[in-house]
Structure formats: structure tokens, C-alpha cells
Amino acid sequence: MTLSAHDVRWAAGGRMIVDGVTLEARPGRMLGLVGPNGSGKSSLLRVLCRLRRIAGGVVRLDGRDIDGYARRALARRLAFVEQQASTDVGLTVCDVVRLGRTPHRAALASWSDADEHAVEGALARVGLADRHDQAWHTLSGGERQRAQIARALAQEPGELILDEPTNHLDIRHQLSILSMVRRLGVTCLVALHDLNLASLFCDEIAVMQAGKLVAAGSPQTVLTPDLVRDVFGVDVRIRTDSAGHRHIEYVVGEAGGADP
Amino acid sequence: MTHGVHRPNWPLRIGIAIAAAAAVALSIATAVTIGEMRIPPAVAFRALANGLFDAGYPVGPIQQGVIFEYRLSRALMAALCGGALALSGAILQALLRNPLAEPYILGISAGASTGAVCVLILGVGGSALTLSAGAFAGSILALAVVGLLAAGAGGASERVILAGVAGSQLFNAATATIVTTLATAEQARGVMFWLLGNFGGVRWPDVGVAAPVALAGFAVCVVHAKALDAFAFGADTAASLGVAVARMRIVLLATTAVMTAVMVSIVGTIGFVGLVIPHAARFLVGPGHARLLPASLVGGAVFMILADILSRVLVPQQILPIGVVTALFGAPAFAIILYRARART
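Right, let's walk through the structure included here. (Residues numbered from 1 in each chain as written. Chains lettered and ligands numbered in written order. Predicted model: local features only at pLDDT ≥ 70, side-chain atom pairs only at ≥ 80, totals over all residues. Heavy atoms only, no water.)

**A word on the overall build of chain B**
The helix and strand tally for chain B stands at 14 helices and 0 strands. When its helices and strands are written in sequence order, chain B yields α-α-α-α-α-α-α-α-α-α-α-α-α-α. A globule of 345 residues ought to have a C-alpha radius of gyration of about 20 Å, and chain B, at 21 Å, matches this closely. Projecting the C-alpha coordinates of chain B onto the three principal axes gives extents of approximately 65 × 60 × 40 Å. Across the 345 residues in chain B, those meeting the buried criterion constitute 48%. Considering only intrachain contacts with a sequence separation of at least 6, the fraction spanning at least 24 residues in chain B is 74%. As displayed, chain B has an accessible area near 15500 Å², and 71% of this comes from carbon and sulfur atoms. Of the charged side chains in chain B, 19 are positive and 10 negative; the average position of the first set lies 11 Å away from that of the second. (Helix = DSSP H or I, 4+ residues; strand = E, 2+ residues; numbered from the N terminus. Rg over C-alpha atoms; globule rule 2.2 N^0.38 Å. Buried < 20%, exposed > 50% of the residue type's maximum accessible area, 1.4 Å probe, protein only. Contact = heavy atoms within 4.5 Å. Areas by Shrake-Rupley, 256 points an atom, 1.4 Å probe, with all protein chains shown as cover. Lys, Arg positive; Asp, Glu negative; His and termini not counted. Charge placed at Lys NZ, Arg CZ, Asp CG, Glu CD.)

**A few points about empty space enclosed by the protein**
In the structure shown here, the tally under the stated rule is 2 cavities of 30 Å³ or more. The volume enclosed by the largest cavity comes to roughly 50 Å³. As for the largest cavity, its lining consists of Val47, Arg50, Arg52, Arg53, Ile54, Val59, Asp65, Ile66 and Asp67 of chain A. Considering only residue class, the lining of the largest cavity consists of 4 nonpolar, no polar and 5 charged. Volume-wise, the second largest cavity comes out at about 40 Å³. Arg74, Phe193, Gly197, Asn198, Phe199, Gly200, Asp308, Ser311, Ile319, Leu320, Pro321 and Ile322 of chain B together form the lining of the second largest cavity. Along the lines of polarity and charge, the residues of the lining of the second largest cavity split into 6 nonpolar, 4 polar and 2 charged. (1 Å grid on protein atoms, 1.4 Å probe; cavity = no way out; pocket = protein on both sides within 12 Å on 5 of 7 lines; lining within 4 Å. Points joined across faces, edges and corners; volume = space filled by probe spheres on them. Nonpolar A, V, L, I, M, F, W, Y, C, P; charged D, E, K, R; others polar.)

**What to know about the environment of Ser86 of chain A**
The topology assignment puts Ser86 of chain A in the loop between strand E6 (78-81) and helix H3 (93-98). Contacts of Ser86 of chain A, omitting those with residues within four sequence positions, involve Arg97, Ala232 and Phe233 of chain B.

Set out below in C-alpha cells:
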């Protein structure tokens, strides 16, 4: 039992953005959310961590409606990492990660040993322990994303929700961020654009199209040429290499190709 | 790994608090002994002791009155006003995530000036309504207009700022219309003087209003220090960290609005302090609000007292509008701070 959504709906500006989604994140597993731009991935993630009020359905955490959780109690269970966090404030890496302790501290509480321990541990897990006092705005894109993930880990969450954490990163940092997230051993729900990365790193994949969930299951069963053509409008070939990894190859410029 | 700064160091904290209090007290003491009428410091302190503790020193009634009724209340009002404006600026810069946010961004000063000219020139309310009351009513009205505009536009940070700009323009235009069409030259001059800020009319009852407002406002803000820190990466991240974003926005915007409206209605619109002191404080103590808010309060208080002293001594036989002094001396000081901060990074 962990985070699950049942027939969840969310509308904005009179348009249904998330339209009756039912899915479940299994403990300790990495669930990838894929879909074209505007398919409602980001909105669904925000609905799941109660950043948006749902119009219908129910989101449950350990079988309990998340509306029943106090804000801070929820923030100690669910951590959310935005696509690209930015700030004008002159923070250090450590300052950023310390924000993760916000839900654990009362309004006027002092900094405790447990807080310090959580922050140092989180920095070590994302490989930024030596960047402790570096200014946030001097970090590279990949390091910023790591710092945000460390901030989320400092919340000591049971579930980690990441909205396209690899966006704007070069391929090396995409790979290193995803393999790091995979090693965390936390239940993860991650929106991804790259189908190959999704199939490489995720235990399960859920596919969204126009606000609806159109498929869910293991990468092998979900990411088929037919589905990719239906959902993304792109022809692909799928090749399995000698190591058993699946590779999705885009077919461009051939008959029935990617031209709209 | 230990990083020093995170451990609460109580002796250091208490030491800093005492130093801050001493700085404010010293500024007030200086302000009380300086002025048009020459009064020796010894006499001034005796007069203070008489007024505060009923000490019974022999001091002439005029000197006693000047020191205690006029200069002390004026210095305290300057401290409260500077502290409250700087605190409001620090809150708004964090809440709206905009380094240019300042207390007047919500249309308060524009509304106050409209209210003031309504009383001063149109004679609204007859003799029942004072200039301060008119200014307060105007600022609350402007705040309501800006609040409705911002809420109607969705309530996001940049919408609040745009609504504030629109509201300010509207009320400034109303003020300009009244002044240009109906005011005599004398009245226009009076309005101008009021708009630039003036501690001349301050008496003890004003301090009695301003002190509880500033201190209560400070208490509300300090309770939200951690939540303000969590706002560094925006409302969604703050909400995901367990901050009640909507409630906090309303509480803090209302708190800064009331603090600013009260100060403006008593002393006029004094610019620059609310914008610049929080930045200066950030350079000194860093961006964490647990330190930034007290530093802004104290920094604003000391800065305003010193500015008031300068306004009284710069031109002999004349008192400069306080807003002119805060900008004339604050801007170069801020430029130096900016320059040094650049050199450090």
C-alpha cells in the first residue's frame, strides 16, 4: 500500500486536464509517467501531492484520503521536485537542502541534530556532500537538480514525486540523475519525456494521452510500436540488445514516417 | 560534519540582541540631544529621566517639553516607522518573489495620498476627519481595490504586483486631478510636503498607535520566518513542504498592509526604506528570515532615526522632508553595499 489515485479529475479554465486517472505506485518501485506535451503528466503529479485541488475522484496514501492529512504530515510523507526550480535568493546548497526540514520543524524550533543528520545524509546520497557551502546559482543544471532531490530527501519522504527531472540536462547528467534516483530505494513517481530512459530505468510505465491513462504496466508490455504510434504519432522499431535492454528507435523519413 | 552556523549559540544571540537594542537606544539618545534649540546633553537626559521615570530633576518647562513631548516621541516614531517599513519590504520581497517589491507596491501610498488630499483640499468629513484618518481610509480603500484586482487575476505573485501598479496609477491620477484642478498653490505645497514624509507633527498618541501595530506585526512575521524561507523556490515548492500558502499570503499581506497604512497615515509616504533596508540587511545576515526580519526591523529603525537627525541639521533653520533625506543618503549607501557585495562574490 502506498500512493494511489482512483478516477482522479482536475480541470483548469473549463478544460479537463486530468480526466479520470486511476493508478498506483508500488512500494520501493519506480513508476514512470510518459506522454506527449500537454497530456496532463505534470498536472497529475501535482494533484497526487495535493498541490492542486481535485475536481473528482480520490488520492489515497496508505489507503487514507490525502485530504485527511495535515499539511505538514503530508509533506513528511510525500516530497515533490519541480521540473526546473529557480530562485533569486542567494542560497547555498546547504540552505536549499535545509528547506526540506521545514515540515519537521515547529514555527520557532531550533535546528536539531536530527535535522543536521537528515541534511548531511541527503547531500551524501545525491553526491553533493563536498558542495555543502557552494552558492546555488553557481551550480550546473544537473547539480541543481541533485540539490533539489537532496532537499526532497531531507523531508524523509516515503514517496518521491519528480516532474521531468532530466529536462534541460545533457545525456550524461540525465543518466546519472536517473540511476541515482533508482538507487535511492524510495517509491518514485517520475514524469519523463525520453521513452528509452523511461524503459531503461522504470519498473513500471504509465502512459497518458489527453488527460487519460491509456496504458500501464512493465516497459516491455506497455511500450509497443503500436502504442507509441497511437499516443505520440511516431513510428518506432524496438530492438533488444544482447544485454536484454530494449532500445526504441525512431523511424524518420520512411514510408508512414514521422511527418504529420 | 559540523557547520557552526546551524547550532543555536545563545550567548551570541543575546549579545547581538543587546547590541541591536543599544544601537537603537544610542540613535534615539543622539536624536533627542540634537535640534534647533540648543539643549546640553546633560539637561536632555535629565528631562528624559523626568518624563520616563518621574525623576524630579530641575529642568525648565520649555526644555522639558521640547525634549520629552517633541523630540523623544519623534525619535520613537521614526524608529517604529523605519522598522515597520523595512520589515514590510522584507516580507513582500519574499512573498512576491521580487527584489523590487516594497511596502507601497500594494497601492497603499497612492491611496493614502488620495485620502489626504480629499481631506485637505476637498474638505471631506469636515473637521471630524483628520489628515491621518483620511490617509488611512484612502490606503485601505486602495488596498481593497488592489486586492480585488489581484484576486480576480488569479492571485499569483506577478499578478499582485501588476494589480498594485494599476491601483497605484489609478489613485495617483485621482490625487493629481484633485490637486491640479482644485488646490491653491499653498495647498499644493502642503500636499507635496506631506507626501515626502514629515515627523514634525508627531506626538505621544501617535506613538501609542504605531508601537503596538509595529510590534504585533513583527511578532506575526517572525512566526512565519521558516515558511518565508520555504518560498525561495515558489509557491508549489513551499506548499509541497507543508506551508499553508494561501493562508500565509493573506495573513502576511494583511499584516504588512496594516503596518504600512498606519505609518503612512501618521508620517506620510517615506520612500526607499522599505525597498533598500531589507537588501542591506540581507548582505549583513544572509537570506534566512529568522535573522533577516529582526535585522530589517532594527536596521530600518536606526536608519530612519539617523535620517531624521540629518533632515533637521542639514539646512540651518529648515527641516528637509524626511523622504528626501532617506533617498539622498540611502541611495549612495546602497550603491556602496551593492558594489562591495559584487566584489565579494
